[in-house]
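Descriptive structure summary
The lines below spell out each chain.
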Amino acid sequence: MSTPNRPRPRGTGGWWRRVDLNNAPAIIVLAVGAASMLYIGVASQHWLRGVGLLGVAMCLGGVFRAVLPARQAGLLAVRSRHFDAVCYLGLGLAILVVAILLRNVA
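Here the structure is a predicted model, which is why all the values come from computation and not from measurement.

**So, the overall build of the protein chain**
A count of helices and strands for the protein chain gives four helices and zero strands. Reading the secondary structure of the protein chain in the N-to-C direction produces α-α-α-α. The long-range fraction of contacts in the protein chain, counting pairs at least 24 apart against all pairs at least 6 apart in sequence, stands at 56%. Taken as a whole, the protein chain presents about 7900 Å² of accessible surface, with 67% of it coming from carbon and sulfur.

Given below as structure tokens:
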């Protein structure tokens, strides 16, 4: 039993129109975080730069959460917008401050 080939309606677009981009901000933040971990692993003598990049990834997540509505923020939306943005930005800034302070000590 085979199903007959039905022609696709015109104007439906290609596969890119069906891609769900609601999680794109989270994927971008995870990609920057993964790049920082990779940088720490590859250039271990410059691990503080990787830690700083991890802080930038967290700050980027906070900016995405503060600017985008919950539907478009995707996996970055955990609680209220204000709470999420403050937590992401606070953690990112804390990581950046520690990286800068450790760089001045070393």
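**Section: helix α4 (residues 81-105)**
Along an α-helix, a turn takes 3.6 residues, which lines up residues three or four apart on a common side. The end-to-end C-alpha separation of α4 is 36 Å, in line with the 36 Å expected for 25 residues at 1.5 Å each. Those residues of α4 not exposed but buried are D84, A85, Y88, G92, I95 and A99.

**A few points about the side chain of R65**
Following the sequence through the fold, R65 ends up in helix α2 (residues 47-67). Residue classification places R65 among the buried positions, given a relative accessible area of 2%. One polar contact links the side chain of R65 to the main-chain carbonyl oxygen of R79, over a distance of 3.3 Å. In terms of polar contacts, R65 uses its side chain to reach the side chain of D84, at 3.0 Å. The residues touching R65, leaving out its near neighbours within four places in the chain, are A70, A73, L76, A77, R79, S80, R81, D84, A85 and Y88.

**Here we look at a nonpolar patch on the surface**
A grouping of W47, V98 and L102 is seen on the molecular surface, where their side chains present a nonpolar patch of about 270 Å² in accessible area. Counting through the fold element by element, W47 comes out in helix α2. By relative accessible area, which is 41% here, W47 ends up partly exposed.

**Details of the confidence of the model for the protein chain**
Overall, the predicted model of the protein chain reaches an average pLDDT of 87, with 83% of residues at or above 70. Ranking the helices and strands of the protein chain by mean pLDDT puts α2 first, with 95, and helix α3 (residues 70-73) last, with 87.

Conventions we followed
- Residues numbered from 1 in each chain as written.
- Predicted model: local features only at pLDDT ≥ 70, side-chain atom pairs only at ≥ 80, totals over all residues.
- Heavy atoms only, no water.
- Helix = DSSP H or I, 4+ residues; strand = E, 2+ residues; numbered from the N terminus.
- Contact = heavy atoms within 4.5 Å.
- Areas by Shrake-Rupley, 256 points an atom, 1.4 Å probe, with all protein chains shown as cover.
- Expected span 1.5 Å × (residues − 1).
- Buried < 20%, exposed > 50% of the residue type's maximum accessible area, 1.4 Å probe, protein only.
- Polar contact = N/O pair within 3.5 Å; in protein donor to acceptor, adjacent residues only side chain to side chain.
- Patch = residues over 30% accessible without salt bridge, like charges linked within 9 Å, V, L, I, M, F, W, Y side chains within 5 Å.
- Salt bridge = Lys/Arg side-chain N within 4 Å of Asp/Glu carboxyl O.
- pLDDT = per-residue confidence, 0-100.

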